[in-house]
Amino acid sequence: MNSPAALLATCHPNPACQICGENAAHGRHFGVEACRACAAFFRRTTVLGRNSSKCVEKSGNCRKFLVCRFCRLKKCVELGMSTEKIRLEEPTNAPKPVDLSVILQRSTRILGMYYMCQDEILEPLNALQKLTKILKNQRGQQKGAQELQFFEHIDFSEIFVFWEFQMTQTAEFLMYMKEFRDLPFHERVAFFKIVWAVWRRFERFSMTAEIFGQTSIDQKILVQSHEKAARIGEYHVDYKAVSSLSKSEIRRFFGSKMLEYFEVIVRRYVECGFEIEETTWILTQICWIYAARRLGGQTLAASEIFLAKIGDDLHEFYKSKNIRNYAWRIGKMMKIVNEMLNIQVQRENSMDVMLMFNFFNVPEYEFFRV
């Protein structure tokens, strides 16, 4: 695997930043010739007070200063960076941090709303039936192929609105699982932060296959929200509000992943014609396996209980539909789960690099490992 420095070098030619040695073509920041990444780092650590009080190597002269906030800031200050010099030298259109406070408040409120799940109609249903009903309700406002609006250019703020809505749906979906509700509150919040993006991605790609079928593969259509869709490779998201990266640089990091999801999810959905109960089962597998890998402990123990239970529920579903030879369907579904999580890990590696070098100005790291 390429190192972060090697990946960064593919995006930025010389000349060098005085802090990290990478491209400083955008000029002086806070009084020093510096790249936008180091300028953004200095802005966050000084203006927003996010510096670490300790060196990662406990030496105060860390050789890995790009991943040590203490030593990186120390070098910035030693070279003469100062917030007093911002007015004359900092661009007025520099990306500003995304405010996630409203989403966090709303999502964490949902994650504590036990009464929300006390529905007499849902109570007799097993876990798979209950979650399938919730997913159907969430998809109830989805517009059909003829009603969706296609776009070619969209601002990040509107994409963010899509994400906000889908974060809320993820939190609601999770709260209808008893094993999730039984986790401590802080564990539920951590679980939610980890899985919302992969939940959103699978739900949208599977929804795309359901609405457009083979056409979604032929034309590379992706349903972005209940009301809007776009063709992959034919639309552009304007990230200027949160990133200094160019369109080509963002595409270099993430461009190929969208087509991988088409092969993993959409093509298999079109080939197999999965029922919504099977979609629900896949969603639960993705959420619990992914969260258990990252959190371990109580989440891992709860995942083993829940996945065994919903596996039995899936067996009952197949019996009710008089489907006897269903092993191949489960095999196809598990292949989607495993391959999708593998792609997610690859995306995270790219996102780790981008966040390490402050390419995106976002305060909540986990929300944006998407």
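Cut-offs applied
Residues numbered from 1 in each chain as written. Predicted model: local features only at pLDDT ≥ 70, side-chain atom pairs only at ≥ 80, totals over all residues. Heavy atoms only, no water. Pairing = 2+ DSSP bridges. Helix = DSSP H or I, 4+ residues; strand = E, 2+ residues; numbered from the N terminus. Contact = heavy atoms within 4.5 Å. Axes fitted to C-alpha atoms, helices over the stretch in contact; angles between N-to-C directions. Buried < 20%, exposed > 50% of the residue type's maximum accessible area, 1.4 Å probe, protein only. Salt bridge = Lys/Arg side-chain N within 4 Å of Asp/Glu carboxyl O. Polar contact = N/O pair within 3.5 Å; in protein donor to acceptor, adjacent residues only side chain to side chain. Phe/Tyr/Trp six-rings, centres within 6.5 Å; stacked < 30°, edge-to-face > 60°.

K.L.:
Hey, could you go over the sheet that holds strand β3 (residues 149-150) for me, with residue numbers and the actual values?
P.N.:
Spatial strand order, β3-β6-β5: three strands in an open sheet with mixed pairing. Strands at the two margins of the open sheet, each flanked by one partner only, are β3 and β5 (221-223). With respect to the sheet, helix α9 (residues 185-212) is in contact with β3 and β5, its orientation differing from that of β5 by roughly 115 degrees.

K.L.:
Provide a residue-level description of the environment of H186, including the pertinent values.
P.N.:
Residue placement: H186 occurs in helix α9. Relative accessible area serves as the criterion here: at 54%, H186 is assigned to the exposed category. The spatial distance from the C-alpha of H186 to the C-alpha of L111 is 9.7 Å, given a sequence separation of 75 residues.

K.L.:
Give me the lowdown on the pattern of salt bridges, citing residues and values where you can.
P.N.:
The tally for this structure, following the rule as stated, stands at 10 salt bridges. The shortest N-O distance in the salt bridge between E203 and R139 comes to 2.8 Å. Taken together, the residues E203 in helix α9 and R139 in the loop between α6 (127-138) and β3 connect sequence positions 64 residues apart. Of the residues examined, E203 reaches a relative accessible area of 1% and is grouped as buried. Note on R139: relative accessible area 8%, which makes it buried. Taking the shortest distance from any N to any O, the salt bridge between R267 and E263 comes out at 2.8 Å. Separated by four residues within a single helix, R267 and E263 lie in helix α11 (residues 247-272), roughly one turn from each other. When its relative accessible area of 39% is taken as the criterion, E263 is described as partly exposed. Through salt bridges with shared partners, a single ionic network connects R139, E203, R204 and E210.

K.L.:
Outline the side chain of H226, listing residues and values.
P.N.:
On the secondary structure map, H226 appears in the loop between β5 and β6 (228-231). A polar contact of 3.1 Å, which involves the side chain of H226, links it to the side chain of Q142. Contact partners of H226, with chain neighbours within four places excluded, come to Q138, R139, Q141, Q142, K143, L148, F165, Q169 and R204.

K.L.:
So, the packing of aromatic side chains: which residues are in play, and what are the values?
P.N.:
As enumerated under the stated definition, the model contains 13 aromatic pairs in all. An angle of 20 degrees between the planes, with centres 4.3 Å apart, marks the rings of Y318 and Y326 as stacked. Of the two residues, Y318 and Y326, both sit in the buried class.

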